[in-house]
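Here are the chains, one letter per residue:
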Amino acid sequence: MPKPRQAGSQSGQRTLSFRASSLSQEAHARTRPEGMFSGRVWTMGNDMLHSASFPAAPVYPFASSFDKGLPMTVISRFAPSPTGFLHIGGARTALFNWLFSRHHGGQFLLRIEDTDRQRSTEAAKAAILDGLKWLELDWDGDVVFQSARQARHAEVALRMLDDGTAYRCFCTPLELEAMREQARAVGKPPRYDGRWRDRTDWPNAPHAIRLKAPQSGETQVRDLVQGEVRVGNEQLDDMVLLRADGTPTYMLSVVVDDHDMAISHVIRGDDHLTNTFRQVQIYKAMDWAVPAFAHIPLIHGSDGAKLSKRHGALGVEAYRELGYLPEAVRNYLLRLGWSHGDEEIISTTQAVAWFDLGHVGRSPARFDFQKLDNVNGHYLKQADNARLAELVAPFLAEALGRPVSAVGRERLERGMGGLKERAKTLKELTENALFYAKDRPLLYDEKARGQLGAQGRGALEAYAGRIAAALPAGAQWLQGRLEEEARAEAERNGLKLGQLAQPLRAALTGRTTSPPIFEVLEVLGREESLSRIRDALALDG
RNA sequence: GACUCCAUCGUCUAGCCCGGCCUAGGACGUCACCCUUUCAAGGUGAAGACACGGGUUCGAAUCCCGUUGGAGUCGCCA
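Note that the structure is a prediction, hence the values are computed from the model and not measured.

For this particular structure, what's the right way to read the protein's contact with RNA strand B?
Around RNA strand B, 63 residues are found, and the nearest of them are Cys171, Arg243, Gly337, Arg422 and Arg505. Here RNA strand B approaches the protein such that, of its atoms within 4 Å, sugar and phosphate make up 70%. Within the contact set of RNA strand B, a sugar or linking oxygen lies 3.2 Å away from a side-chain nitrogen or oxygen of glutamate 421. Contact between RNA strand B and serine 514: a base nitrogen at 2.7 Å from a main-chain N or O atom of the residue. Among the secondary structure elements, those contributing two or more residues to the surface near RNA strand B are helix H7 (173-185), strand E5 (208-211), strand E7 (227-232), helix H9 (273-286), strand E12 (365-366), helix H13 (369-382), helix H20 (497-509) and helix H21 (517-524). Of the residues that constitute the surface near RNA strand B, the class distribution is 20 nonpolar, 20 polar and 23 charged.

Just to check I follow, could you spell out the nonpolar core for this structure?
As a rule of thumb, soluble globular proteins bury nonpolar side chains together. Core analysis: the largest hydrophobic core is formed by 52 residues, its most contacted members being Tyr463 and Leu504. Per-element accounting of this core gives the leading share, seven residues, to helix H16 (residues 426-437). Once residues lying within four places of it in the same chain are set aside, the contact partners of tyrosine 463 are Leu482, Glu485, Ala486, Glu489, Leu500, Leu504, Phe518 and Leu521. Residues Phe96, Leu110, Leu132 and Phe367 belong to the second largest nonpolar core, which totals 45 residues.

I'm lost on H13 in this one. Help?
Each full turn of the α-helix corresponds to 3.6 residues, which orients residues three or four apart in the same direction. Across its 14 residues, H13 extends 20 Å between first and last C-alpha, which sits within 8% of the 20 Å expected from 1.5 Å per residue. Where H13 is buried, its residues touch helix H10 (316-321), helix H11 (326-335), helix H14 (385-400), helix H15 (406-421) and H16. With a side-chain oxygen positioned 3.1 Å from the backbone nitrogen of glutamine 370, the residue opening H13 is aspartate 368.

Just checking my understanding: could you explain the pattern of salt bridges for this structure?
One side chain can pair with another of opposite charge once the charged atoms of both are near each other. This model, assessed by the stated rule, comprises 39 salt bridges. A salt bridge links glutamate 228 to arginine 230, with the shortest nitrogen-to-oxygen separation between them at 2.3 Å. Since its relative accessible area comes to 42%, glutamate 228 is described here as partly exposed. Under the relative-accessibility criterion, arginine 230 is labelled partly exposed at 44%. Bridged by salt links that share partners, the residues Arg77, Arg111, Glu113, Arg149, Arg152, Glu155, Asp257, Asp258 and Asp260 form one connected network.

Where do I start with the confidence of the model for chain A in this structure?
When pLDDT is averaged along chain A, the result is 85, and 84% of the positions lie at 70 or above. If you check the scores for this complex, the pTM reads 0.86 and the ipTM reads 0.95.

For this particular structure, what's the right way to read the sheet that holds strand E8 (residues 240-242)?
The strands that make up a sheet pair up through hydrogen bonds in the backbone, lying either parallel or antiparallel. Strand order across the open sheet formed by three strands is E4-E5-E8, with antiparallel pairing between neighbours. Edge positions in the open sheet fall to strand E4 (166-169) and E8, since each of these has one partner strand only. Ignoring which end each strand starts from, the neighbouring axes of this sheet average 45° apart. Two strands pair when backbone bridges link them, and E5 and E8 are joined in this way by two bridges, in the antiparallel orientation. Bridging across to E8, arginine 210 finds its partner in valine 240.

Explanation requested: the pairing of strand E2 (residues 107-112) in the structure shown.
For a regular strand, side-chain orientation follows a simple rule: the groups alternate between the two sheet faces. By the criterion of burial, E2 is predominantly enclosed, with six of the six residues buried. Neither face of E2 is exposed, since Gln107, Leu109 and Arg111 on one face and Phe108, Leu110 and Ile112 on the opposite face are all buried. Relative to E2, strand E1 (residues 75-78) is paired through four bridges, and the arrangement is parallel. Within E2, the residue paired with serine 76 across the bridge is phenylalanine 108. The sheet contact formed by E2 and strand E3 (residues 144-145) spans two bridges and is parallel. Bridging across to E3, isoleucine 112 finds its partner in phenylalanine 145.

What's the story with the side chain of aspartate 114 in this structure? I'm lost.
Examined against the element boundaries, aspartate 114 turns out to sit in the loop between E2 and helix H5 (122-134). In this structure the side chain of aspartate 114 is engaged in a polar contact, spanning 3.3 Å, whose partner is the backbone nitrogen of glutamine 146. Those residues in contact with aspartate 114 that lie beyond four places of it in its chain are Pro82, Ser120, Lys125, Phe145, Gln146 and Ser147.

Parameters and conventions
Residues numbered from 1 in each chain as written. Chains lettered and ligands numbered in written order. Predicted model: local features only at pLDDT ≥ 70, side-chain atom pairs only at ≥ 80, totals over all residues. Heavy atoms only, no water. Near = heavy atom within 4 Å. Polar contact = N/O pair within 3.5 Å; in protein donor to acceptor, adjacent residues only side chain to side chain. Helix = DSSP H or I, 4+ residues; strand = E, 2+ residues; numbered from the N terminus. Nonpolar A, V, L, I, M, F, W, Y, C, P; charged D, E, K, R; others polar. Core = buried A, V, L, I, M, F, W, Y, C linked by side-chain atoms within 4.5 Å. Buried < 20%, exposed > 50% of the residue type's maximum accessible area, 1.4 Å probe, protein only. Contact = heavy atoms within 4.5 Å. Expected span 1.5 Å × (residues − 1). Salt bridge = Lys/Arg side-chain N within 4 Å of Asp/Glu carboxyl O. pLDDT = per-residue confidence, 0-100. Pairing = 2+ DSSP bridges. Axes fitted to C-alpha atoms, helices over the stretch in contact; angles between N-to-C directions.

Spelled out as structure tokens, the structure:
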């Protein structure tokens with residue numbers, strides 16, 4: 001596993017130069033620091049989460065070498081908060097960001113917004129990283145932990161205070177609550193009234209810092225997906241930037257981090273669209289370049305309501321456990337909200353070449369497992385047999401209660417051709433592959449048992465005798481020949497092939513559905529096949 | 001409630017920005033048939049949508065307005 005780069009050690013001495021120049025040279029901040037992020041960081045395990053943290057000092061390596069004057073490149077980011085697993089909507093957001101930056105040959109950064117210490121958990125961080133890794137969405141550079149940058153956020157708030165674009169607010173939570181209560185009573189939207197906007201009679205008490213937002217005019221956002229969106233400034237109140245305890249709010253943190261990370265395109269969920277107005281006001285207040293925004297619609301549950309746990313919102317790891325292939329999930333997610341004409345099956349390479357924000361739809365989509373199943377089935381058929389055998393082994397081991405034996409493993413791989421053809425998920429594949437991994441004697445299900453009545457056994461016995469004689473031990477045991485013998489035997493007895501094939505299937509697999517039965521015969525080999533038939537012939541009834 | 005966004009088959013969508021080529025195309029799902037040693041897959045076909053109402057225009061799925069419906073945001077959460 002590649003070792004994470006130690007961000008702090010290298011960038012520590014750049015602190016001053018970054019700070020001194022960041023405000024005046026922000027226009028160059030989007031340039032790409034040459035050669036710094038060629039490596040990929042796959043993060044696994046919790047120890048890594050800490051080692052990638054940044055020092056408390058307001059340092060950011062991405063913005064520190066902008067004086068190179070390189071041309072602007074696309075830098076996108078995925079910024080989940082680790083309060084739960086990486087759900088499917090987040091996964092799609094990550095995918096779109098990843099695709100966009102790869103398409104433009106830019107960078108895709110990962111920032112964990114763990115400022116809410118209360119709700120953030122190490123397990124959730126690991127789940128997010130693991131989820132991205134499973135989806136094969138690799139990010140550039142080190143993971144940024146927002147919590148490590150609080151000092152820088154506070155610094156910006158203080159700077160705004162100096163600039164007069166922010167002010168101290170001494171309202172108590174109680175007072176604010178009363179304010180909202182009163183507004184509600186009059187039927188007005190609950191908003192802060194700006195009572196401390198211009199006061200300077202500051203008591204010696206804890207206080208928050210609020211943005212001195214414009215009170216007239218309008219704020220507009222040029223969104224690459226939604227188009228131009230605008231709102232009257234009187235709709236927006238003076239939001240808190242820094243809490244009374246000195247910690248930054250989300251609104252401040254995102255803006256500062258996106259700026260410092262030189263993010264050129266903010267691609268995120270629709271639910272952030274109205275927040276964007278307030279964020280834009282911060283950019284303006286700091287006189288920073290506003291990044292391009294693209295708000296992609298949310299994914300809804302199959303009932304059309306917002307995707308929640310109740311509606312089956314699952315973490316990406318759940319999709320792995322359900323037996324979906326990462327490339328299938330990517331393809332499915334891509335088509336959920338993005339299109340390229342009538343194309344449905346789109347390889348990742350093709351997706352990188354084609355992806356654009358212009359073809360992202362504006363309306364929310366519902367998650368549909370049936371379609372995912374179909375797409376997954378497609379990729380299953382395409383997947384390499386050895387890889388599938390590898391992937392299905394743990395599923396099989398769980399069903400078996402023991403690891404898959406070497407013989408089982410070998411049969412699995414040789415029989416994969418017929419197996420993968422008839423499965424939509426690895427789970428289903430497991431179900432169908434069980435008979436290859438099981439030891440004799442097999443358990444027969446009810447229908448199989450039905451095929452092994454006196455008549456079926458009679459046909460079986462004759463066939464078994466025939467192939468045992470025609471293909472002695474050591475002779476080639478191939479499906480073509482095995483089928484020829486079956487056809488001849490059936491014809492000799494005036495039977496339809498099915499009257500022989502079905503009992504054979506029952507004997508060999510314990511079920512009435514399976515891959516092509518002569519293929520099964522070949523994969524199982526002479527001794528095992530004959531033994532399984534003998535087991536079946538010993539049945540009563 | 002206020003603000004913002006959205007609105008084509010059951011679902012994902014093409015078409016919309018740059019009105020006519022749209023008697024609205026594809027995919028999933030559904031149904032039928034074909035193929036067939038089972039189950040799948042595959043093939044062929046069918047049913048299935050421009051939310052509604054007004055404009056503008058020779059002409060509107062495409063432009064404008066309204067209605068309805070859905071979603072999101074309104075915290076010293078992120």
